[in-house]
Amino acid sequence: MQRIRSIVFTVLATLIAGATFLFAASVGLAIAGIVAVLMLGSMLAGKLQPAPVRAKARARNNRTASGQREPRIWNDGRGTIIDL
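Here we summarise the structure given alongside this text. Because the structure is predicted, anything quoted here is derived from the model rather than measured.

1. Structural notes on the overall build of the chain
- Scanning the chain from terminus to terminus reveals one helix and two strands.
- Each helix and strand of the chain, placed in order from N terminus to C terminus, yields the pattern α-β-β.
- Across the 84 residues that make up the chain, the buried fraction comes to 1%.

Put into structure tokens, the structure is as follows:
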């Protein structure tokens, strides 16, 4: 009777340890999946932001009758630019 009880306890302990391992492994996989999805979303969000546009100046004949250049003023969405 003592031997049967020890075998049953050993089998139960092995089953409980196996179930605990499977639970921990599944939780670990779930966390890894969530982190992967968040990293993918972060990467895609960075690619969807508009790239900065470089301003290029070209020499034009913007002289008025008095010989002064006419100032150009525009707003690029980040602030007002005044080109004198």
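More follows now that the structure is in view.
2. Regarding the pairing of strand E1 (residues 72–75)
- Examined bridge by bridge, E1 and strand E2 (residues 80–83) share four bridges and lie antiparallel to one another. Following the sheet pairing, Arg-72 is matched in E2 by Asp-83.
- With antiparallel pairing between neighbouring strands as the criterion, E1 and E2 make up a hairpin whose turn holds four residues, including Gly-77 at a positive phi of roughly 95°.

What counts as what
- Residues numbered from 1 in each chain as written.
- Predicted model: local features only at pLDDT ≥ 70, side-chain atom pairs only at ≥ 80, totals over all residues.
- Heavy atoms only, no water.
- Helix = DSSP H or I, 4+ residues; strand = E, 2+ residues; numbered from the N terminus.
- Buried < 20%, exposed > 50% of the residue type's maximum accessible area, 1.4 Å probe, protein only.
- Pairing = 2+ DSSP bridges.

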